[in-house]
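# Close look at the chain arrangement
What follows is the residue order along each chain.
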Amino acid sequence: MTDARPAGDRALLIEADGRAAGLAAAITRAGLAGIADVIPGARTVLVTWEPGRWRHPDLAAAIAGLPVDDDPAADLPAVEIPVRYDGPDLAEVAALAEMSVSEAIEAHQAAEYTVGWLGFSPGFGYLTGLDPRLARVPRLATPRVSVPAGSVAIAGGLAAVYPSASPGGWRLIGRTTARLWDPGRAEPSLLTPGRRVRFRADRADHGGPAPAAQMPGDARAPVRPAPDGRPAPDGRPASHLEIIRTGPLASVQDLGRPGLGAVGVPPSGAADPAALITANHLVGNPGGAAGLEFTLGRAAIRCDGDARLAVTGAPVPVGLAAPDGSERPAPFGAPFEVPGGWVVRLGAPAAGLRSYLAVTGGIATDPVLGSRSCDLLSGLGGGPLRPGDRLPVGPSAAGPGSGPGTRPDSGRAAGPAAARIPGRGETTRLRVLPGPRQDWFDDAALAALCGSPYTVTPASNRTGLRLDGPALPRRHDTELPSEGMATGSLQVPHDGSPILLLADHPPTGGYPVIAVVHSADLRLAGQLRPGDQVWFRPG
């Protein structure tokens, strides 16, 4: 270990001298108190922690003394992946490598690979050990909009298998039916850092297409986990919320899935966690109970039983509609009672982006990997809600929100301070700390970042805010080896326009991070909508 660099107020990026998998395993094995996630990259390890647990120099000193195993997976058997070599880029790969197609296939099979790190999507392993001739093959000039699940690919000196359908710029040489990712398994990812991997030709059934490996089950299944009328744990009939209208986007969210970055799972969770915590506290839930996140309001929800609700976040008009058509207003930012059969209607917010609805007992959809959150990047936890979805509500007497799918409040602020939403036309100020790759940029770049406002573009979403403003030039155009990314990181692609990573961001990335937004200000970032302005300031 040669260097440890702060990556915001609650993360440390550690240079690992080619031993990233071993160092990550050593940190995990040590069981240091308060560590939230350990994410190996190509040459580094990102370590994040819970609020108030560590100071950067203290954690760096604690990690420096750990014994590191050069091969943490040496005792594990190699994973063997069957491949049907019929990918659309196979002939071009062979030509670029100055080989025949059969020689390219043989070279791909002859190597023994090692999982260097995971990222991009759950179970997506970056495999080192590619034959040097194939390692010359570059990525596609224009990435595909969608790569089929199970695609076997190479690019930039690495090999990989796409566990699920996603965009991608790697060259596809074949397919496999191996299930690299299954959240129902005790170990969801077939590949883990340091594990050895071999590919072998699957010569069966040459006459027809091989089924692509898929994420197990229907990605929307967690939204409808039980038939109507299933009794609650105390014997009472289960209560449900029925989605009548979603608005532009609605999803189930709690406080996310920390601790799974090493297998490519994003942190996810509410984009404005303080607003969700506040809503939960108003109805008597622990802050980590699952609620509903609405983007730009305009939603309607029917309660099939008496319920106690609260709405927070971006301020919206709240109304109640009775079965006989009569209506009455309900308060925003305070608890209110809803009789069974009534509909709760949310209007559009005048400012802010995301509003949160909590119900006493919490949303009780089935948890996936310890969380009920919908992750729009990976598809975990169900997709966006649709009209007709029925969401079970947990029983308040059983300690709502304290079971699977929730986690502690983690010291995040709640209460009156959490209600502050910048008004329309008001510039939001976010505190930033120098990023771990500040030295990749010109001396004046950080001053330029903080020197004038940026505008949130329409291409923004829960993965990140794409910003339009002063370009931040790099010192050089070399590629950054993939490494862990803390939530709040300001990545800068080659065009110089920063991207602020939010809840659903991939755990690893390949663009340098010039600065990181202070964790206490991330809730404000989660409320910015296209056209809003943000001004970064040192702090």
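Residues numbered from 1 in each chain as written. Predicted model: local features only at pLDDT ≥ 70, side-chain atom pairs only at ≥ 80, totals over all residues. Heavy atoms only, no water.

## Regarding the overall build of the chain
The helix and strand inventory of the chain stands at seven helices and 33 strands. Sequence-distant contacts, at least 24 apart, represent 74% of the contacts inside the chain between residues at least 6 apart. Total accessible area on the chain is roughly 21000 Å²; 54% of this is exposed by carbon and sulfur atoms. (Helix = DSSP H or I, 4+ residues; strand = E, 2+ residues; numbered from the N terminus. Contact = heavy atoms within 4.5 Å. Areas by Shrake-Rupley, 256 points an atom, 1.4 Å probe, with all protein chains shown as cover.)

## Section: helix H1 (residues 20–30)
Residues separated by three or four positions in an α-helix point in the same direction, a consequence of the helix having 3.6 residues per turn. Of all the positions in H1, only Ala20, Ala21, Gly22, Leu23, Ala24, Ala26 and Ile27 are classed as buried. Next to the buried residues of H1 lie strand E2 (11–15), strand E3 (35–40), strand E4 (44–49), helix H2 (56–64) and strand E6 (113–118). Positive backbone phi, at 60 degrees, marks Gly31, one or two positions downstream of H1. (Buried < 20%, exposed > 50% of the residue type's maximum accessible area, 1.4 Å probe, protein only.)

## Focus on the environment of His281
Mapped onto the fold, His281 is located in helix H5 (residues 273–282). Each C-alpha atom, one on His281 and one on Thr360, is 9.3 Å from the other, the two residues being 79 residues apart in sequence.

## Topic: the sheet that holds strand E26 (residues 454–456)
Read once around its circumference, the closed barrel built from seven strands follows the order E25-E32-E29-E30-E27-E26-E33, with strand pairing classed as mixed. Mean inter-strand twist for the sheet, computed between neighbouring axes without regard to direction, equals 40 degrees. Examined bridge by bridge, strand E29 (residues 489–491) and strand E30 (residues 499–501) share two bridges and lie antiparallel to one another. When the sheet's bridge partners are listed, Gln491 is paired in E30 with Ile499. (Pairing = 2+ DSSP bridges. Axes fitted to C-alpha atoms, helices over the stretch in contact; angles between N-to-C directions.)

## Examining the sheet that holds strand E16 (residues 291–295)
Each strand in a sheet pairs with its neighbour through backbone hydrogen bonds, running either in the same direction (parallel) or in the opposite one (antiparallel). Here we have five strands laid out as an open sheet, ordered E15-E16-E23-E18-E21, and antiparallel in their pairing. The strands lining the two open edges of the sheet, one partner per strand, are strand E15 (249–253) and strand E21 (336–338). Between one strand and the next, the sheet's axes are offset by a mean angle of 30 degrees, whatever the strand orientation. Pairing analysis gives five bridges linking E15 to E16, with the strands arranged antiparallel. Residue pairing in the sheet places Val252 in a bridge with Leu292 of E16. Docked against the sheet, H5 engages E15, E16, strand E18 (307–313) and strand E23 (354–359), running at close to 155 degrees with respect to E18.

## Concerning helix H4 (residues 101–110)
Turning to H4, its buried residues are Ala104, Ile105, Ala107 and His108. Considered in projection along H4, the buried side chains sweep an arc of 165 degrees and stay on one side of the axis. Away from its buried face by more than 90 degrees, H4 exposes Ser102, Glu106 and Ala110. Residues of H4 that are buried in the fold lie against helix H3 (90–96), E6, strand E9 (151–155), strand E12 (171–175) and strand E13 (196–201). (Arc of directions from axis to C-beta.)

## Quick word on the confidence of the model for the chain
Of all residues in the chain, 88% attain a pLDDT of 70 or more, and the chain-wide mean is 87. Every residue in residues 205–237 is under pLDDT 50, and counting partners more than four places away or in other chains gives 68 contacts. (pLDDT = per-residue confidence, 0-100.)

## As for the nonpolar core
One finds Leu134, Val197 and Phe199 to be the most contacted residues of the largest nonpolar core, which totals 36 residues. If you list the elements that add at least two residues to this core, you get strand E5 (79–83), H3, H4, E6, E9, strand E10 (158–161) and E13. Each residue touching Phe199, except ones within four places of it in the same chain, is listed here: Ile81, Val83, Tyr85, His108, Gln109, Tyr113, Leu127, Val152 and Val161. Counting 29 residues, the second-largest nonpolar core is a separate cluster that includes Ala250, Ile301, Leu309 and Trp342. (Core = buried A, V, L, I, M, F, W, Y, C linked by side-chain atoms within 4.5 Å.)

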